[in-house]
Amino acid sequence: MAGQEPLNTYFEEAQEDEGGVTEHRFEEPGYLRKLLPSSASLYGEAYANLVEDQYKFIVPNLTYWKRSPNFFPYYMRTAPYGCLLYGLVEAALGVVNQTWISFPAAMELEGIVMDWLGQILSIPEQFQTFNARGELTGGGGVLENASGHAIYFTLVSAQRRALVKLREEHPELTDRDILSRMVAYTSDKVDLHALAGCPLPAHLIVHGVKSDDLGRLSCGDLVEAIAKHRATGRFPVYIMASLCLPNTFACDNIQEIGPLARQNKLWLHVYGSRTASSFVSSRWRAPMKGIEGSVTR
């Protein structure tokens, strides 16, 4: 198969070099524009030539995330073999999984599989689509392209939920005024890749709360920040706690943060993409204590 041999060589070099291929051969931004034509060709080109160009100009400047120890905290398993096979099936079937009517089987399968995952991780039934008796809970899980997308959707949901209540409490303010005063909280150690691909909702203020000596979000400083913002006319609406940040491996104490969020009527989202797979084993679930106090996770 065209393109397979260079790909095999690429993986072999990565393993032999223990990730050394992550060293980019082209250091200057804009390098690719100098190497490729300034406009698209009017005629087709042999596939073999395209593959050659790919491994000549593109691959040498990739950041190798798959098996390199230099990127252990990030996404080592973004394309396991099973996902590659499913990608072929999905492309062949032309899956457009947007609403139930656009692909009923996919939408229903998503809910079922997410419930399976919730059971495996011992997630409380309130977060699953159906409880053990087969009854709808009002909860349920969905699959997103990245954790940043999940954060974005929970931020927007928190905004909209708070907006309904704040309209009644402050009829003198416009929606724009209310939205511009909303505040979300997270640890000042939160890794940037958690928000990568997460365009922050318009007007939202994100406040980084000081971390304690263990790198966890400090509940004392969180309480102080919420009180300070309310005193100045701001509207706290959202907290993002983290279970094992990729850059610090710290786990926020959601047993303390959960009650604090409920007391202040804030949306609590628990970000845990780094450690979710480890929670399959019950011996590693201690950081999950208090997860029932979150709104989303």
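Per chain, the residues get numbers from 1 upward, laid out in the order the sequence is written. In keeping with the predicted nature of the model, local features appear solely for residues at pLDDT of at least 70, side-chain atom pairs appear and are counted solely at 80 or more, and the whole-chain, interface and lining totals rest on all residues. With hydrogens and water set aside, each side-chain value is computed from the structure's full complement of heavy atoms.

Caption draft 1: Highlighting the overall build of the chain. Of regular secondary structure, the chain possesses nine helices and four strands. Helix numbering and strand numbering both begin at the N terminus, where a helix is a DSSP run of H or I of at least 4 residues and a strand a DSSP run of E of at least 2. Element order for the chain, N to C, with α for helix and β for strand: α-α-α-α-α-α-α-β-β-α-β-α-β. Whether a residue is buried, partly exposed or exposed follows from its accessible area with a 1.4 Å probe, protein chains only, as a fraction of its type maximum: under 20%, in between, or over 50%, in that order. In the chain, buried positions account for 35% of the 297 residues. Here the accessible surface of atoms and residues is derived via Shrake-Rupley with a 1.4 Å probe, and residues count as covered only by protein chains that are part of the display. Within the structure as shown, the chain displays about 18600 Å² of accessible surface, and the carbon and sulfur contribution to it stands at 57%.

Caption draft 2: Looking closely at the pairing of strand S4 (residues 267-271). Most of S4 sits out of view: five of its five residues are buried. Where burial is concerned, the two faces of S4 agree: the one with Trp267, His269 and Tyr271 and the one with Leu268 and Val270 are both buried. Across five bridges, strand S3 (residues 235-242) lies against S4 in parallel orientation. Pairing of Met240 across the sheet is with His269, part of S4. Two strands are said to pair when DSSP picks up at least two bridges between them.

Caption draft 3: Here's a closer look at the pattern of salt bridges. Counted as salt bridges are all cases of a side-chain nitrogen of Lys or Arg within 4 Å of a carboxyl oxygen of Asp or Glu. Counting across every chain of the model gives four salt bridges. Among the salt bridges present, the one from Glu135 reaches Arg133, with a minimum N-O distance of 3.1 Å. On the basis of relative accessible area, Glu135 is assigned to the partly exposed category, the value being 38%. Asp175 serves as the salt-bridge partner of Arg167, at 2.7 Å between the closest nitrogen and oxygen. The exposure class of Arg167 is partly exposed, given its relative accessible area of 40%.

Caption draft 4: Geometry of the nonpolar core. Within this scheme, the nonpolar core is defined by two criteria: the residues are buried Ala, Val, Leu, Ile, Met, Phe, Trp, Tyr or Cys, and they are joined through side-chain atoms within 4.5 Å. If you look at the biggest cluster of nonpolar residues, it comprises 24 residues, and the most contacted ones within it are Tyr185, Leu222, Ile239, Ile257 and Leu268. Taken together, the elements giving at least two residues each to this core come down to strand S1 (182-187), helix H8 (219-231), S3, helix H9 (254-263) and S4. In what follows, residue pairs with any heavy atoms lying within 4.5 Å of each other are defined as contacts. Excluding anything up to four places from it in sequence, Ile257 contacts Leu217, Cys219, Ile239, Ala241, Asp252 and Leu268. Counting residues in each nonpolar core, the second largest holds 20 residues, with Ile151, Ala162, Leu166 and Leu173 among its members.

Caption draft 5: Inspection of the environment of Gln54 at higher detail. With respect to the element layout, Gln54 can be found in helix H3 (residues 47-58). Among the residues examined, Gln54 registers a relative accessible area of 38% and is labelled partly exposed. Filtering out sequence-adjacent residues up to four positions away, Gln54 remains in contact with Val59 and Pro60.

Caption draft 6: Representation of the sheet that holds strand S2 (residues 205-209) in the model. Judged by pairing direction, the sheet is parallel, and its four strands sit side by side in the order S2-S1-S3-S4 without closing on themselves. At either end of the open sheet lies a strand with only one pairing partner, and these are S2 and S4. For this sheet, the mean angle separating the axes of adjacent strands, direction not counted, is 25°. To obtain an axis, a line is fitted to C-alpha atoms, over the contacting stretch when the element is a helix, and the angle between two such axes runs from 0 to 180 degrees between their N-to-C directions. Across the face of the sheet, H8 comes into contact with S1, S2 and S3 while running at roughly 165° to S1. Along the sheet face, H9 touches S3 and S4 and points at about 165° away from the line of S3.

Caption draft 7: A look at the side chain of Arg285. For Arg285, the location among the structural elements is in the segment after S4. In summary, the charge assignment counts Lys and Arg as positive and Asp and Glu as negative, without counting His or the chain termini. Buried charge Arg285 goes without a salt bridge, the closest partner of opposite sign being Glu292 at 12 Å. For this analysis, a polar contact is any N or O atom pair within 3.5 Å, provided that within protein one partner can donate a hydrogen and the other can accept it, and provided that sequence-adjacent residues contribute only side-chain to side-chain pairs. For Arg285, the side chain forms a polar contact with the main-chain oxygen of Val280, separated by 3.0 Å. Apart from the residues lying within four places of it in its own chain, the contact partners of Arg285 are Ile120, Leu121, Ser122, Phe279 and Val280.

Caption draft 8: Focus on H9. Those residues of H9 that fall on the buried side of the exposure criterion are Ile254, Ile257, Gly258, Leu260 and Ala261. Lining the buried residues of H9 we find H8, S3 and S4. Backbone geometry just after H9 places Lys265 at a positive phi near 55°.

Caption draft 9: Just the packing of H8 against H9, in detail. With their axes 10 Å apart at the nearest point, H8 and H9 run at an angle of 15° to one another. Relative to H9, H8 is oriented roughly parallel. The handedness of the crossing between H8 and H9 is right-handed. Contact residues: H8 offers Cys219, Leu222, Val223 and Ile226, while H9 offers Glu256, Ile257 and Leu260. Should an angle fall under 35 degrees it is taken as roughly parallel, and over 145 as roughly antiparallel, whereas 65 to 115 is taken as roughly perpendicular and any remaining angle as oblique. Two helices cross in a left-handed way if the nearer one is turned anticlockwise from the farther one by less than a right angle. They cross in a right-handed way if the turn is clockwise.

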